[in-house]
Amino acid sequence: VGHAQAVMQPWWNEASPPPAVRVVRATILQYGHRFDDALADLQAAAQAEPDEPEAFAWMAAIGMVRADYAAARQACERLDQLAEVLVGTACTAYVDAMTGRAADASRRLREALRSEKDTEPAQRLWALTRLAEIDERRGARSEAEAAYREALALGRRDVYLQGAYADFLLDQRRPAEVLTLLTDGARADVLLLRLAIAAK
């Protein structure tokens, strides 16, 4: 994030940078939990380019982190109109899972994963990770593990996925598997922490 902010320095204090710059700046700001500033950039970007889905995806993510589920749902509904079916379904399913409809969210997302097999790997990985987390929260451990493993089998290194699956394994008292999973994870602080817990 620090490297990204350094690259963005020429635009960092610009009042009205291009929409794409606003989205990147908002992404960096939200990592620092500067959510109001991030949302201001995202809303300006969405107003300038209402058919670009990325701003709405980040608005939904910020809404989820802040437990502002109404705002997250609104952003997901817009995303559903602009992005691939799987992306929109995963977004709304995640909101539904946190607002009392986890079983239905899991079913809908699983159906979308089956029917949208041609979605690009990064989006499929994201949707599978959401599905795994939804199933884990509702106590469906075998389904959650299957989704985590399917996401890992895509062969794309993803720190969030590795951290989430490591947490799942630690909760199952399977630390040796965490050590294997995260053998190359020491460069990311969040994975190094999990490595230390597993080793202990």
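The structure displayed is predicted, hence computed values, not measured ones.

1. Details of the nonpolar core
- Among the nonpolar cores identified, the biggest contains 60 residues, and Leu42, Met59, Leu109 and Ile134 are the most heavily contacted of them.
- For this core, the leading source of residues is helix 7 (residues 85-98), giving eight residues.
- Those residues in contact with Leu42 that lie beyond four places of it in its chain are Val23, Ala26, Ala55, Trp58, Met59 and Ile62.

2. Remarks on the confidence of the model for the protein
- Chain-level pLDDT for the protein is 95 on average; 99% of the residues reach the 70-or-more range.
- The element-level mean pLDDT for the protein is lowest in helix 1 (residues 2-7), coming to 92, with helix 10 (residues 141-152) highest at 98.

3. Regarding the state of the cysteines
- All chains considered together, the criterion is met by one disulfide.
- Note on cysteine connectivity: Cys76 is disulfide-linked to Cys91, with sulfurs 1.9 Å apart. When the S-S torsion is -70 degrees, as for the bridge of Cys76 with Cys91, the disulfide is left-handed. One end of the pair, Cys76, is in helix 6 (residues 69-82); the other, Cys91, is in helix 7, with 15 residues separating them in the sequence.
- Under the relative-accessibility criterion, Cys76 is labelled buried at 1%.
- Of the residues examined, Cys91 reaches a relative accessible area of 7% and is grouped as buried.

4. Focus on the layout of surface pockets
- Taken as a whole, the largest pocket encloses approximately 1,700 Å³ of empty space.
- Lining of the largest pocket is provided by 44 residues; of these, Trp58, Ala61, Trp126, Arg130 and Tyr160 occupy positions nearest its centre.
- With nine residues, the top contributor of residues to the lining of the largest pocket is helix 9 (residues 121-137).
- Taken together, the residues of the lining of the largest pocket sort by class into 26 nonpolar, five polar and 13 charged.
- Within this model, the second largest pocket holds a volume of roughly 190 Å³.
- The wall of the second largest pocket is formed by Leu39, Gln43, Phe56, Met59, Ile62, Gly63, Arg66, Asp68, Ala71, Gln74, Ala75 and Arg78.
- Among the elements of the structure, helix 4 (35-48), helix 5 (54-65) and helix 6 are those that each provide at least two residues to the lining of the second largest pocket.
- Of the residues contributing to the lining of the second largest pocket, the split by class is six nonpolar, three polar and three charged.

5. Some points on helix 10
- A rise of 1.5 Å per residue sets the reference length of helix 10, with its twelve residues, at 16 Å; its end C-alpha atoms lie 16 Å apart and thus fit the reference within 8%.
- For helix 10, the full list of buried residues reads Ala144, Glu145, Ala147, Tyr148 and Ala151. Down the axis of helix 10, the smallest arc covering the buried residues is 160 degrees, so these residues share one side.
- Structurally, helix 10 contributes buried residues whose contacts are with helix 9 and helix 11 (159-171).

6. Some details on the packing of aromatic side chains
- In the structure shown here, the tally under the stated rule is four aromatic pairs.
- Arranged with centres 5.5 Å apart and planes meeting at 50 degrees, the rings of Tyr148 and Phe168 form a pair that is tilted. A residue pair is termed long-range when its members are at least 10 positions apart, and Tyr148 in helix 10 and Phe168 in helix 11 qualify at 20 residues. As far as burial versus exposure is concerned, Tyr148 and Phe168 are alike and both buried.
- By way of ring pairs, the aromatic residues Tyr148, Tyr165 and Phe168 are connected into one cluster.
- Positioned above the aromatic ring of Tyr94 is the side chain of Arg130, whose terminal nitrogen or guanidinium carbon lies 4.8 Å from the ring centre.

Each value, and the rule that gives it
Residues numbered from 1 in each chain as written. Predicted model: local features only at pLDDT ≥ 70, side-chain atom pairs only at ≥ 80, totals over all residues. Heavy atoms only, no water. Core = buried A, V, L, I, M, F, W, Y, C linked by side-chain atoms within 4.5 Å. Buried < 20%, exposed > 50% of the residue type's maximum accessible area, 1.4 Å probe, protein only. Helix = DSSP H or I, 4+ residues; strand = E, 2+ residues; numbered from the N terminus. Contact = heavy atoms within 4.5 Å. pLDDT = per-residue confidence, 0-100. Disulfide = S-S within 2.5 Å. 1 Å grid on protein atoms, 1.4 Å probe; cavity = no way out; pocket = protein on both sides within 12 Å on 5 of 7 lines; lining within 4 Å. Points joined across faces, edges and corners; volume = space filled by probe spheres on them. Nonpolar A, V, L, I, M, F, W, Y, C, P; charged D, E, K, R; others polar. Expected span 1.5 Å × (residues − 1). Arc of directions from axis to C-beta. Phe/Tyr/Trp six-rings, centres within 6.5 Å; stacked < 30°, edge-to-face > 60°. Lys NZ or Arg CZ within 6 Å of the ring centre and 35° of its normal.

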